[in-house]
Amino acid sequence: MTLRSVVTATLVAGLFAGCASSAPQRDAGADAPRHPSIAADASPVPAFTGGGEGWSIEIASTGKGNHDATLTVAGRSSAGTLRYLGQPAGAPSSLTVLNGELDKQPTIVEIKREPCRNAEGVDTSASVQVTVAGQPQRRGCGFLAVY
């Protein structure tokens, strides 16, 4: 099974689970503690797929705060591991930061739960910023799977 199929399956399952719920929806940007069923060392990013013009990123949790990630720019892919190290001090709860390496280059991925419209005019649930050492910073939109 490819990373893309895992991310897609996770996103679809999350969408169907959300449709089945009759509970009122919380404001995604509200500063609130993590759901009590999520372990302290678990990441709030079970899966993410997104990107911008000429690039895309796919992220899938592998457990205990670790993630497999693939960044594709102009047809060239860089793979590696990102880690969730907890909520940055003073940051809103809507922001999740993952740190690690893609092709041995230090990488920071910032995912923010907020409405975002991609270059094709599709509304998404999150914005993303990817910073890889020695490369231009990339900003885009994407879909964040939720617990």
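Residues numbered from 1 in each chain as written. Predicted model: local features only at pLDDT ≥ 70, side-chain atom pairs only at ≥ 80, totals over all residues. Heavy atoms only, no water.

Undergrad: Can you help me understand the sheet that holds strand 5 (residues 95-102) in this one?
TA: Within a beta sheet, neighbouring strands are joined by backbone hydrogen bonds and run either parallel or antiparallel to one another. One closed barrel accounts for eight strands, arranged 1-2-3-4-5-6-7-8; its pairing is antiparallel. Neighbouring strand axes in the sheet, compared pairwise and without regard to direction, differ in orientation by 30 degrees on average. The sheet contact formed by strand 1 (residues 47-52) and strand 2 (residues 55-63) spans six bridges and is antiparallel. Residue pairing in the sheet places phenylalanine 48 in a bridge with isoleucine 59 of strand 2. (Pairing = 2+ DSSP bridges. Helix = DSSP H or I, 4+ residues; strand = E, 2+ residues; numbered from the N terminus. Axes fitted to C-alpha atoms, helices over the stretch in contact; angles between N-to-C directions.)

Undergrad: Hey, could you run me through the pattern of salt bridges in this one?
TA: Any two side chains of opposite charge can pair, on the condition that their charged atoms come close. By the definition in use, this model includes two salt bridges. The partner of arginine 76 in a salt bridge is aspartate 103, with the nearest N and O atoms 3.8 Å apart. A residue pair is termed long-range when its members are at least 10 positions apart, and arginine 76 in strand 4 (residues 76-84) and aspartate 103 in the loop between strand 5 and strand 6 (105-117) qualify at 27 residues. Between aspartate 123 and arginine 117 there is a salt bridge, and its shortest N-O distance comes to 2.7 Å. For the pair aspartate 123 and arginine 117, a shared accessibility class is recorded, and that class is exposed. (Salt bridge = Lys/Arg side-chain N within 4 Å of Asp/Glu carboxyl O. Buried < 20%, exposed > 50% of the residue type's maximum accessible area, 1.4 Å probe, protein only.)

In short, shape yes, function no, at least from these values alone.
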